[in-house]
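# Close look at the chain arrangement
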Amino acid sequence: METEDAIRTRQSIRDFAADGLSRKEIEGLIDLAIAAPSAANRQFWSFCVVTNRGLLDQISEAAKAYMTRCRPLDLPEQLYEKLADPEFHVFYRAPALIIISARKNAPWAAEECALAAENLMLGAVAQGFGSCWIGLCQPFLGTSEGRALIGLGDDEAPLAPIAIGRPASPAAPVPRKPAQIRWLS
Ligand SMILES: Cc1cc2nc3c(=O)[nH]c(=O)nc-3n(C[C@H](O)[C@H](O)[C@H](O)COP(=O)(O)O)c2cc1C
């Protein structure tokens, strides 16, 4: 698949087939992720792959409870209503979650992890997989309880949690606003 096709066809997938990716397929995507640029090539990122169904469900429930109880982000009310819905699964029952983390306070760590995440998501499209960045689980994963569940050290921050799997159905295209460009010619 051409780069432009991958960019144009990538969409956030929220309906996944039950069968997951193999370890080799996930390692292949992570290999693409780490081809991303990083400041001074310091590559502060690390990857945690969760495929344990019970653990994914546990993180989803705990993240929902934490978000509803603490409201750590200024989100539209309808998102908090969704989080309170017992049927809602933050990972849409994806078979895998890849959490890209980096050392806390490392300069440009968030930018670097986001670049790695985009590589991973575009690579996923090119290989017939689907992904969705799950920001809603991020505040919980940063708590001591969340860190303990994914074995994240105190000096690391979870920066890009990506649900990944095989799309069970295509996503509806999400329109973009026209780009705001200031030409200083
Ligand atoms: C930082 C970030 C956090 C996001 N968090 C969530 C999330 O928690 N749940 C979700 O369903 N989608 C989440 N998304 C996906 C966006 O909703 C999606 O990218 C946007 O609506 C555009 O749609 P598209 O990705 O299909 O082009 C997130 C995307 C980003 C970049």
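The rules behind the values
Residues numbered from 1 in each chain as written. Predicted model: local features only at pLDDT ≥ 70, side-chain atom pairs only at ≥ 80, totals over all residues. Heavy atoms only, no water. Phe/Tyr/Trp six-rings, centres within 6.5 Å; stacked < 30°, edge-to-face > 60°. Buried < 20%, exposed > 50% of the residue type's maximum accessible area, 1.4 Å probe, protein only. Lys NZ or Arg CZ within 6 Å of the ring centre and 35° of its normal. Near = heavy atom within 4 Å. Polar contact = N/O pair within 3.5 Å; in protein donor to acceptor, adjacent residues only side chain to side chain. Areas by Shrake-Rupley, 256 points an atom, 1.4 Å probe, with all protein chains shown as cover. Nonpolar A, V, L, I, M, F, W, Y, C, P; charged D, E, K, R; others polar. Axes fitted to C-alpha atoms, helices over the stretch in contact; angles between N-to-C directions. Helix = DSSP H or I, 4+ residues; strand = E, 2+ residues; numbered from the N terminus. Parallel < 35°, antiparallel > 145°, perpendicular 65-115°, else oblique. Left-handed = near helix turned anticlockwise from the far one by under 90°. Contact = heavy atoms within 4.5 Å. Pairing = 2+ DSSP bridges. Core = buried A, V, L, I, M, F, W, Y, C linked by side-chain atoms within 4.5 Å. UniProt positions renumbered as here; feature names shortened; annotations may be inferred.

Summed over the entire model, instances satisfying the criterion amount to 2 aromatic pairs. When the ring of Phe 88 is compared with that of Tyr 92, the centres are 5.7 Å apart and the planes differ by 80°; the resulting orientation is edge-to-face. Here the two residues Phe 88 and Tyr 92 agree in accessibility, since each one is buried. Between Arg 71 and the ring centre of Tyr 80, over which it is positioned, the NZ or CZ distance is 4.3 Å. One residue, Arg 103, lies across the ring of Phe 44, its end atom 4.8 Å from the ring centre.

What follows concerns the site of the ligand. Lining the immediate environment of the ligand, one finds Arg 10, Gln 11, Ser 12, Arg 14, Tyr 92, Cys 132, Trp 133, Ile 134, Gly 135, Leu 136, Val 174 and Arg 176. Ser 12 is positioned such that a nitrogen or oxygen atom in its side chain is 2.6 Å from an oxygen atom of the ligand. If the ligand stood free it would expose 620 Å²; the protein chains cover 65% of that surface. Partitioned by chemical class, the residues of the shell around the ligand number 6 nonpolar, 3 polar and 3 charged.

It is at 7 Å that the axes of helix H2 (residues 23–33) and helix H5 (residues 109–126) come closest, and there the two elements cross at 135°. When the interaxial angle is binned, H2 and H5 end up oblique. For the crossing formed where H2 meets H5, the hand is right-handed. Between H2 and H5, the residues in contact are Leu 29, Ile 30, Leu 32 and Ala 33 and Ala 116, Asn 119, Leu 120, Gly 123 and Ala 124, respectively.

A word on unusual backbone geometry. Located in the positive-phi region is Asn 105, a residue other than glycine, with phi close to 65°. You can see Asn 105 is positioned in the loop between strand S2 (96–103) and H5. Even without a glycine there, the phi angle at Trp 108 is positive, about 65°. Relative to the elements of secondary structure, Trp 108 occurs in the loop between S2 and H5.

Let's shift gears to the sheet that holds strand S4 (residues 156–165). As summarised here, the arrangement of the 4 strands in space is S1-S2-S4-S3, forming an open sheet in which the pairing is antiparallel. Each edge of the open sheet is held by one strand with a lone partner, namely strand S1 (46–50) and strand S3 (130–133). Strand-to-strand twist across the sheet, computed as the mean angle between neighbouring axes with direction ignored, equals 25°. As defined by bridge partners, S2 adjoins S4 across 8 bridges and the pair is classed as antiparallel. Bridging from a neighbouring strand, Leu 97 pairs with Ala 163 of S4. Most of the contacts of H5 go to S4, to which it runs at about 10°, and overall it touches S2, S3 and S4.

Assignment of secondary structure puts Pro 178 in the segment after S4. Between the alpha carbons of Pro 178 and Gln 127 there is a distance of 29 Å; along the sequence they are 51 residues apart.

Glancing now at the nonpolar core. Within the largest apolar cluster, 28 residues are counted, with the highest numbers of intra-cluster contacts made by Phe 91 and Ile 134. The leading source of residues in this core is helix H3 (residues 53–70), at 7 residues. Contacts of Ile 134, omitting those with residues within four sequence positions, involve Val 90, Phe 91, Tyr 92, Pro 161 and Ala 163. Counting 26 residues, the second-largest nonpolar core is a separate cluster that includes Ala 36, Phe 44, Phe 129 and Ile 162.

Per the UniProt record, "domain: Nitroreductase" (unreviewed entry) is found at residues 7–165. Secondary structure over residues 7–165 splits into 43% helix and 17% strand, and the C-alpha atoms at its two ends are 18 Å apart.

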